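Summary of structural features
As a plain string of letters, each chain reads:
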Amino acid sequence: MSTMSKISDTIRKAHHSFCTVVVVAAGNSTRMGEDKLFMPLGDKCVLAQTLLALNASATVDEIIVATREDRLQAVAELRVRYGIDKLARVVLGGQTRTESALAGASEASRHAKIICIHDGARPFVTDGVIADAVHNAVLSLAAAPALPMKDTLKTAVDGVVTGTPDRSTFFAVQTPQAFQADIIKAALSRAVACGISYSDDCAAVEAMGVPVHLSRGSEENIKLTTRDDLLLAEIILKKREAGL
């Protein structure tokens with residue numbers, strides 16, 4: 001991972017590939033208990049914070065949001081309210097993440113060489129994380145930001161430990177996951193045609209035999225899933241606002 005990251009730094013300075021980011025925002029927030037994307041985070045909603053972070057990235061050229069029908073207008077209004085000028089389209093998502101990712105990817109600009117797929121509930125993504133994933137994908141077809149696991153891992157059956165795997169081979173994968181455009185479109189189309197739904201977009205290209213390389217993740221690039229995550233998000237936001 002470190003060697004690929006060093007190479008990607010060099011490419012980043014010499015070459016820019018048009019990058020479309022598809023934001024998947026069609027979920028039901030069942031574990032949060034209410035629509036987490038429009039819950040307040042600081043003085044904006046969660047989704048607005050996510051879109052502003054992407055809009056501020058020099059790596060990102062275009063943003064497409066795939067969302068539920070009842071959110072289409074509200075998401076479109078965020079563009080005007082917050083000046084999110086890279087938000088090109090808001091499209092109707094599907095019943096699954098894979099369907100929503102395909103709906104967004106299918107609307108990417110014809111200039112897009114790289115398509116990233118990002119969680120709408122990851123508001124603290126940085127240009128560094130995005131750029132490293134994108135330029136690793138330029139080199140190797142597909143990439144995802146990740147962090148090595150810190151805790152000891154156990155396998156278990158019915159609450160009884162059956163083994164202790166080597167944690168050095170395990171990583172916590174984040175988004176945006178970056179792909180060369182034709183690869184991810186083909187992978188998502190194949191999955192939807194076969195009725196397969198993935199919770200992780202890399203899995204769709206892995207199923208086609210395409211290797212996925214890991215890029216640098218961030219401890220702050222958290223996904224908001226439960227109310228405890230919102231408390232941590234407020235801490236990260238205040239830290240950033242204070243310039244720390």
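Above this text sits the structure in question.
Residues numbered from 1 in each chain as written. Predicted model: local features only at pLDDT ≥ 70, side-chain atom pairs only at ≥ 80, totals over all residues. Heavy atoms only, no water.

1. Quick look at the pairing of strand β4 (residues 62-67)
Counting buried residues in β4 gives 6 out of 6 residues, a clear majority hidden from the surface. What you see with β4 is no split at all: E62, I64 and A66 on one side and I63, V65 and T67 on the other are buried throughout. Here 6 bridges tie strand β1 (residues 19-25) to β4, and the two strands are oriented parallel to one another. Bridge pairing in β4 links V22 to I64. Across 5 bridges, the pairing between β4 and strand β5 (residues 87-92) is parallel. Note on β5: the bridge partner recorded for V65 is V90. Regarding topology, helix α3 (residues 72-82) serves as the crossover connection from β4 to the parallel β5, and that connection is right-handed. (Buried < 20%, exposed > 50% of the residue type's maximum accessible area, 1.4 Å probe, protein only. Helix = DSSP H or I, 4+ residues; strand = E, 2+ residues; numbered from the N terminus. Pairing = 2+ DSSP bridges. Right-handed = clockwise from strand over helix to strand, strands pointing away.)

2. Comments concerning the packing of helix α4 (residues 97-105) against helix α6 (residues 181-193)
In the contact formed by α4 and α6, the axes pass within 9 Å of each other and the chain directions differ by 135°. Here α4 is positioned oblique relative to α6, judged by the angle of their axes. Classified by chirality, the crossing of α6 by α4 is left-handed. From α4, T98, E99, A101, L102 and A105 reach across to α6, where they touch K185, L188, S189, A191 and V192. Here the contact of α4 with α6 is built from residues that sort into 6 nonpolar, 2 polar and 2 charged. (Axes fitted to C-alpha atoms, helices over the stretch in contact; angles between N-to-C directions. Parallel < 35°, antiparallel > 145°, perpendicular 65-115°, else oblique. Left-handed = near helix turned anticlockwise from the far one by under 90°. Contact = heavy atoms within 4.5 Å. Nonpolar A, V, L, I, M, F, W, Y, C, P; charged D, E, K, R; others polar.)

3. Things to note about the nonpolar core
Formed by 39 residues in total, the largest nonpolar core has its most connected members in V23, L47, L51, I63 and V65. In terms of residue count, the dominant contributor to this core is helix α2 (residues 46-55) (6 residues). In this structure V23 touches L47, L51, L54, I63, I64, V65, A66, H118, D119 and G120, once residues within four positions along its chain are discounted. Core analysis: the next-biggest nonpolar cluster, separate from the first, contains 27 residues, V91, A112, A191 and A203 among them. (Core = buried A, V, L, I, M, F, W, Y, C linked by side-chain atoms within 4.5 Å.)

4. Section: the packing of α2 against α3
Between α2 and α3, the shortest axis-to-axis distance is 11 Å and the interhelical angle comes to 60°. As far as their axial angle goes, α3 and α2 are oblique. Handedness of the crossing formed by α2 with α3: right-handed. In this structure, α2 uses L47, A48, L51 and L52 to contact α3, whose residues at the interface are V75, L78 and Y82. Grouping the constituent residues of the contact of α2 with α3 by class yields 7 nonpolar, no polar and no charged.

Don't take any of this as a statement about function, it's just geometry.
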